[in-house]
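# Coordinates in review
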Amino acid sequence: MRVAPTLDRSLRIDAENATDWLVLEMICTDASQMPDEPLADKLALYMAADEDWTELITPELADQFSSQIIHVSRAISSADKSLNLTGSLFIKAEDASTWFGAINQARLSLEERFEVSKFDELADDESNLEFEDPALKAAIIRYHFYTSLQSILLEYILD
C-alpha cells in the first residue's frame, strides 16, 4: 500500500492487493469494537457532574462517531478496484476530519483492548515483535499504521 498527498490537498491511497483493502477495512472494524461501552459513554464519565452532558452531548457524540465509521466504510467499499483488487482511494480535504475521527476511534479501541502503548519501545522494529498471540502483533502493527495515516492527514491536509 502506498499513501501520498496530492496537489489538490487530498490523500491518495493505492492498494496493491486484497490484503491492503482488508487493512483499510479494519479501521472500521477496530473503531466499532470498544470492549466495555461506546466511546461517547466513556467520555461522559469524565463529565459525570454535568447532567446536560449526558442528556445532550453524549447522544450527539455517539451519532458523530457512528457516522464517521459509516462514512469511512462506504468510501472503502465504493473505491474503484480492478479485477486483481488493486485500486486507489482518495481522502478529500473536506472528508479528512471524518477519516481522522474514525481512525482515532480505531486507535483508542486497540489501546483499550490490547494496551498497545506498553509495546511502544518495540514499535521501531516490528521484526522484534515476537508474541504468542498473533492478534496482539496484528493490533500493534495496525495501531502504528493508523498513527502514520493520522500523521499524514495532519501534515498535509488538515489545517
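Residues numbered from 1 in each chain as written. Predicted model: local features only at pLDDT ≥ 70, side-chain atom pairs only at ≥ 80, totals over all residues. Heavy atoms only, no water.

This part covers the overall build of the chain. The helix and strand inventory of the chain stands at 5 helices and 4 strands. Put simply, the chain runs from its N terminus to its C terminus through helices and strands in the order β-β-α-α-α-β-β-α-α. By the burial criterion, 35% of the 159 residues in the chain qualify as buried. A sequence separation of at least 24 residues applies to 69% of the contacts in the chain between residues at least 6 apart. With an accessible surface of roughly 9,300 Å², the chain has 52% of that area assigned to carbon and sulfur atoms. (Helix = DSSP H or I, 4+ residues; strand = E, 2+ residues; numbered from the N terminus. Buried < 20%, exposed > 50% of the residue type's maximum accessible area, 1.4 Å probe, protein only. Contact = heavy atoms within 4.5 Å. Areas by Shrake-Rupley, 256 points an atom, 1.4 Å probe, with all protein chains shown as cover.)

Let us now look at the packing of helix H1 (residues 18–31) against helix H5 (residues 134–156). It is at 11 Å that the axes of H1 and H5 come closest, and there the two elements cross at 100°. Relative to H5, the element H1 lies roughly perpendicular. Where H1 abuts H5, its residues Val23, Leu24, Met26, Ile27 and Asp30 lie against Arg142, Phe145, Tyr146 and Leu149. Taken together, the residues that form the contact of H1 with H5 break down as 7 nonpolar, no polar and 2 charged. (Axes fitted to C-alpha atoms, helices over the stretch in contact; angles between N-to-C directions. Parallel < 35°, antiparallel > 145°, perpendicular 65-115°, else oblique. Nonpolar A, V, L, I, M, F, W, Y, C, P; charged D, E, K, R; others polar.)

So, on to the pairing of strand S2 (residues 11–15). Taken across its 5 residues, S2 has 4 buried, putting it largely inside the fold. Note that strand S1 (residues 2–5) and S2 share 4 bridges and pair antiparallel. Paired with arginine 2 across the two strands is aspartate 14, which belongs to S2. Hairpin geometry of S1 and S2 is characterised by an intervening segment of 5 residues between the two adjacent antiparallel strands and by a positive phi of about 60° at arginine 9. The pairing of S2 with strand S4 (residues 87–91) spans 5 bridges and is antiparallel. By the bridge assignment, leucine 11 is partnered in S4 with isoleucine 91. (Pairing = 2+ DSSP bridges.)

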